[in-house]
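# Architecture at a glance
Below, each chain spelled out in residue letters.
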Amino acid sequence: MNVWTNCRPDKVTAEHLVHELILQVRRGQIISVKETIAAVSRDGQHLAETDCELVELIVNVAPAFGLFVGFDLRE
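What comes next is a walk through the structure. Predicted model, so just to flag it, every value in this text is computed and none were measured.

Cut-offs applied
- Residues numbered from 1 in each chain as written.
- Predicted model: local features only at pLDDT ≥ 70, side-chain atom pairs only at ≥ 80, totals over all residues.
- Heavy atoms only, no water.
- Helix = DSSP H or I, 4+ residues; strand = E, 2+ residues; numbered from the N terminus.
- Contact = heavy atoms within 4.5 Å.
- Core = buried A, V, L, I, M, F, W, Y, C linked by side-chain atoms within 4.5 Å.
- Buried < 20%, exposed > 50% of the residue type's maximum accessible area, 1.4 Å probe, protein only.

Next up on the list: the environment of Gln 45. Inspection of the secondary structure puts Gln 45 in the loop between α2 (33-43) and α3 (51-61). A C-alpha to C-alpha distance of 9.5 Å links Gln 45 and Lys 11, two positions 34 residues apart in sequence.

Okay, structure coming up:
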């Protein structure tokens, strides 16, 4: 078994997961709220944050990394 296959701690925060996702998007691109929430929900099933709290986190963090936020929840 490779010890490096899962370097992420078992209990990560929503902020950590959002940062991980944001770092995968190039500066000047659009980050999808819908896809980000889905990924955080999938990878952070232990988290208690609501979708509204996750949207707020995305909106607060993404611009600092030069990203635009795509509000595509209803699509």
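The topology assignment puts Thr 36 in helix α2. Those residues in contact with Thr 36 that lie beyond four places of it in its chain are Val 18, Leu 21, Ile 31 and Ile 58.

As a further point, take the nonpolar core. Judged by nonpolar contacts, the single largest core of 18 residues is most densely connected at Val 18, Ile 22, Ile 31, Ile 37, Val 40 and Ile 58. Every element with two or more residues in this core is listed here: α1 (14-22), α2 and α3. Non-local contacts of Ile 58, meaning those with residues more than four positions away in its chain, are made with Val 18, Ile 31, Val 33, Thr 36, Ile 37, Pro 63 and Val 69.

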